[in-house]
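Chain by chain, the residues run as shown.
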Amino acid sequence: MGKLFSLLVLLGLGYAGLYVYYGVVVEKGVEEQLEARGLSSLSVDNVEYDWLAPVSDSAHVAVTLGYRGSQAAVNMQLQGHPLFSDEVTVQLDSLQALRLGLSFGQ
């Protein structure tokens, strides 16, 4: 019973590490796509995805982009696995939200 519990804890830790690393790789991939399109002034503030995304070949990803105080939440479709496949395509799905920030004076 103790070995089974240890195995489950070890598998859980491994999956948690894969989940976090998947987010980092997706964020870097979105940043590279933005730079390739000449939008390097946009910053990736947040990446959200389903908890089963690291084990599937396609995933819906919600990305929050920022530009000088303004933010846009964009849904994207990810085809291919960013960790295990050579070719990954990112398709813009829809604009989820747009928040504009205004500042007056100094």
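Within each chain, residues carry numbers counting from 1 in the order of the written sequence. Side-chain atom pairs in this predicted model are given and counted only at pLDDT of 80 or more, local residue features only at pLDDT of at least 70, and totals for whole chains, interfaces and linings cover all residues. Side-chain calculation: all heavy atoms of the structure are included, whereas hydrogens and water are not.

## Quick word on the packing of aromatic side chains
Right, on to step 1. Only rings of Phe, Tyr and Trp enter the pairing, Trp through its six-membered ring, and a pair is recorded when the two centres are within 6.5 Å. The plane angle decides the type: under 30 degrees is stacked, over 60 is edge-to-face, the rest tilted. This model, assessed by the stated rule, comprises 2 aromatic pairs.
Right, on to step 2. Between Y22 and Y49, the ring centres sit 5.1 Å apart and the planes meet at 70°, which makes this aromatic pair edge-to-face. With a gap of 27 residues between them, Y22 in helix α1 (residues 2-36) and Y49 in strand β1 (residues 43-49) connect regions that are remote in the sequence.
Right, on to step 3. Y22 sits in the buried class, given a relative accessible area of 1%.
Right, on to step 4. Each residue in the set Y19, Y22 and Y49 is aromatic and connected to the rest through ring pairs, giving one cluster. A run of H or I in DSSP becomes a helix once it reaches four residues, and a run of E becomes a strand once it reaches two; helices and strands are each numbered from the N terminus. The rule is simple: take the accessible area with a 1.4 Å probe, protein chains only, and divide by the maximum for that residue type; under 20% is buried, over 50% is exposed, in between is partly exposed.

## Here we look at the confidence of the model for the chain
Right, on to step 1. Mean pLDDT for the chain: 84, with 95% of residues reaching 70 or above.
Right, on to step 2. Per-residue confidence from the predictor is given as pLDDT, running between 0 and 100. Ranking the elements of the chain by mean pLDDT puts strand β4 (residues 89-99) last, at 76, and β1 first, at 90.

## Considerations on the environment of F84
Right, on to step 1. Mapped onto the elements of the fold, F84 is located in the loop between β3 (70-79) and β4.
Right, on to step 2. Judged by relative accessible area, F84 falls into the exposed class, the value being 64%.
Right, on to step 3. Taking the C-alpha atoms as reference points, F84 and P54, 30 residues apart in sequence, are found 9.9 Å from one another.

## Topic: the sheet that holds β4
Right, on to step 1. Pairing between two strands is assigned when DSSP locates at least 2 bridges connecting them. The strand order β1-β2-β3-β4 describes an open sheet built from 4 strands, whose pairing is antiparallel. Looking at the sheet topology across the chains shown, the edges are occupied by β1 and β4. Looking at each pair of strands side by side, their axes are set apart by 25° on average, direction ignored.
Right, on to step 2. Bridge analysis of strand β2 (residues 58-67) against β3 gives 10 bridges, and the strand direction is antiparallel. Each bridged residue has a counterpart across the sheet, and for V63 the counterpart in β3 is V74.
Right, on to step 3. In the packing of α1 onto the sheet, contacts are made with β1, β2 and β3, and the angle to β1 comes to roughly 135°. Where helices are involved, their axes are fitted lines through C-alpha atoms of the stretch in contact, as for all axes, and angles between N-to-C directions lie from 0 to 180°. We call two residues in contact when some of their heavy atoms are within 4.5 Å.

## Some remarks on the nonpolar core
Right, on to step 1. In this text, buried Ala, Val, Leu, Ile, Met, Phe, Trp, Tyr and Cys residues form a nonpolar core when linked through side-chain atoms within 4.5 Å. Counting residues in hydrophobic clusters, the biggest one holds 15 residues, and the most contacted among them are Y22, V26, V30, V44, V61 and V63.
Right, on to step 2. Only α1, β1, β2 and β3 provide two or more residues apiece to this core.

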